[in-house]
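Residues per chain are reported as follows:
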Amino acid sequence: RNKIKHSILVYIAWIVSLSSYGQTDMQRPNVIFIMSDDHAEQAISAYGHPISQKAPTPHIDRIASEGALFLNNYCSNSICGPSRAAILTGKHSHKNGFMQNGNRGFDGTQQTLPKILQQNGYETAIIGKWHLISKPTGFDHWEILNDQGDYYNPYFITERDTVRRMGYVTDLITNLTTDWLEHRDKNKPFFLMMHHKAPHRNWVPAERHYKLYENTAFPIPETYFDDYEGRYAAAQQEMNIYRDMYEGHDLKMVTGIDSDTLLYDPWPHAFLETMTQAEQKRFFAAYRDRNNDFYTTKRTEKEKALWKFQRYMQDYLATVKSVDESVGEILDYLKANGLDKNTIVIYTSDQGFYLGEHGWFDKRFMYEESFGMPLLMSYPKHIKPGIKIDGLTQNIDFAPTLLDLCQIAIPDDMQGRSFKALAQNGRTPKDWRKSLYYHYYEYPGFHSVRAHYGVKMERYKLMHFPKENLWELYDIKKDPSEIENIYGRKGTEKITQELQQELLMLQDKYGVDEKYR
Ligand code: SGN
Ligand code: CA
């Protein structure tokens, strides 16, 4: 009898241990959230844009072929800090308090995704760009770039220290990440954010990529010489490639034949001065032919404008190359360590970016290129490989979706929605949202983009610039480049009214204060 009693007890203990082990460790997926800075969909080959076909990203694309490619993912406010704050909180800027880049830090006492995961048994870490000024909270481990971070030999901040690490920023962040994975607490599921600086301005590639696209001619966007007719704010910006880019800082142009002195570079401390002397020498040597050619070949003003576009694309995409290699390394690490089946992998960027559309670089506007945000996501246990997702999704959805996939309750005050159901097979449920809200606040500010808000529905987009009281309306289906503002045109009354109502509904629903409307 005792023997039977004993074996029953052993059996019960075994069941109990199994179930609790299963709940906390086995079933819960790990999460690797990879985010780069200013990486446009046009520069990820999985999205199929002609620019990316000249500079493919095979490793990032692997996430889409093993999982899902989101075709209609957008940010809530197209600028660094605000997008990061929206991701952490699942809330729009006015609710999480981080409305623009600047000197007021993120309020780290509020509820965030990493905190909730941590409270639910996850080990959490962030490595790379943070840019939210206050110290990270909710992370067991963090090592962040100082402010924007430098491309060469950057400073990293930790809880205890600030250290300068010698090397190229993308490679350093990758190494710190695999290092953390190697030494993490292997009894816990993990949530890891790897945040790259690249391909942020001023687009300095790794040495091995200096010449990668030197002779590549990238396709010129149809709207490169846009005249901004009918779009007041678009005409007011200061982000034009051939007018506003700094020839030294951005385009790496020098003062004359065989010169080792950059043309206009207002921030040498953030670029050349962070390199060692030997690195500077190799940098100038690598750009020598191109820079000499500028002085030996005669060009009209228009030809110079096109030449600058090529120069910009060659460097931007060369910095993307190192990000793609980094993603490859992480995916290989997961596979080699048997983590690939139970890990959710996300690749995104804090917002989209202009690669010459409207003649621009930078972001901020609610036009498609910068409002759009790449999103690729794999999770073999839930997402069918190779699916494409049409539904409207947004950065405020990331936190609720991840909680949902990790089987953790989603707090009621998160404003985003879990897109777990869409991610499963690509089908959009009937009750999924029909519109998205956007709000950009940072004016006056870099690049002079006026504050505005708007609503996007499947076909139309309505934007309002409240200070100037100007409206813009686009039929994205007919005019995907958004060059024809049809607001106020005959025949648009009904759709305008519909969109204005939708906009009001969203502002009420999200609780946007009257003073910002
Ligand atoms: C820097 C850039 C700007 C950019 C902002 C915000 N200038 O100031 O071009 O708009 O960051 O970028 S730089 O030459 O110093 O890089 S964000 O991604 O952090 O929002
Ligand atoms: Ca950014």
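First, a word on what this report is: a plain description of the structure on this page. (Residues numbered from 1 in each chain as written. Chains lettered and ligands numbered in written order. Predicted model: local features only at pLDDT ≥ 70, side-chain atom pairs only at ≥ 80, totals over all residues. Heavy atoms only, no water.)

**Some details on the nonpolar core**
No. 1: In terms of nonpolar packing, the biggest core is built from 90 residues, with F191, Y312, M313, Y316, L317, L355 and F365 touching the most fellow members.
No. 2: Sorting elements by how many residues they give to this core places helix α11 (residues 301–336) first, with 9 residues.
No. 3: Among all residues touching L355, those that are not within four sequence positions of it are A40, Q42, A43, I51, P221, F309, Y312, M313, Y316 and W360.
No. 4: Core analysis: the second largest hydrophobic core is formed by 47 residues, L145, Y210, Y287 and I330 among them. (Core = buried A, V, L, I, M, F, W, Y, C linked by side-chain atoms within 4.5 Å. Buried < 20%, exposed > 50% of the residue type's maximum accessible area, 1.4 Å probe, protein only. Helix = DSSP H or I, 4+ residues; strand = E, 2+ residues; numbered from the N terminus. Contact = heavy atoms within 4.5 Å.)

**Focus on the packing of helix α10 (residues 277–296) against α11**
No. 1: The interhelical angle for the contact between α10 and α11, taken along N-to-C directions, is 170°, at an axis separation of 12 Å. Compared by their axis directions, α10 and α11 come out roughly antiparallel. From α10, Y287, R290, N291, D293 and F294 reach across to α11, where they touch K304, W307, R311, Q314 and D315.
No. 2: Each residue belonging to the contact of α10 with α11 can be placed in one class, and the counts come to 3 nonpolar, 2 polar and 5 charged. (Axes fitted to C-alpha atoms, helices over the stretch in contact; angles between N-to-C directions. Parallel < 35°, antiparallel > 145°, perpendicular 65-115°, else oblique. Nonpolar A, V, L, I, M, F, W, Y, C, P; charged D, E, K, R; others polar.)

**Side note on the site of ligand 1**
No. 1: Taken together, 18 residues lie near ligand 1, and R201, H249, D362, R364 and H447 sit nearest.
No. 2: Measuring from an oxygen atom of ligand 1, one finds a side-chain N or O atom of D37 at 3.4 Å.
No. 3: The side chain of H249 places a nitrogen or oxygen atom 2.6 Å from an oxygen atom of ligand 1.
No. 4: For ligand 1, whose free accessible area comes to 460 Å², the fraction covered by protein is 91%.
No. 5: Split into classes, the residues belonging to the shell around ligand 1 amount to 4 nonpolar, 7 polar and 7 charged. (Near = heavy atom within 4 Å. Polar contact = N/O pair within 3.5 Å; in protein donor to acceptor, adjacent residues only side chain to side chain. Areas by Shrake-Rupley, 256 points an atom, 1.4 Å probe, with all protein chains shown as cover.)

**A look at the packing of aromatic side chains**
No. 1: For the coordinates displayed, the defined rule picks out 37 aromatic pairs.
No. 2: Centre to centre, the rings of Y246 and Y264 are 5.0 Å apart; their planes meet at 85°, and the pair counts as edge-to-face. Taken together, the residues Y246 in the loop between α9 (241–244) and α10 and Y264 in the loop between α9 and α10 connect sequence positions 18 residues apart.
No. 3: With a centroid separation of 5.9 Å and 15° between ring planes, the pair formed by W471 and Y487 is classed as stacked. Of this pair, W471 sits in strand β16 (residues 470–475) while Y487 sits in the loop between β16 and α15 (493–510); the two residues are 16 residues apart in sequence, bridging distant segments of the chain.
No. 4: Through pairs of rings, three or more aromatic residues link up here, namely Y228, Y354, W360, F365, Y367 and Y474.
No. 5: Above the ring of F156, the side-chain terminus of R165 is found at 5.9 Å from the ring centroid.
No. 6: Here the basic side chain of K197 rests over the ring of Y151, its NZ or CZ set 5.0 Å away from the ring centre. (Phe/Tyr/Trp six-rings, centres within 6.5 Å; stacked < 30°, edge-to-face > 60°. Lys NZ or Arg CZ within 6 Å of the ring centre and 35° of its normal.)

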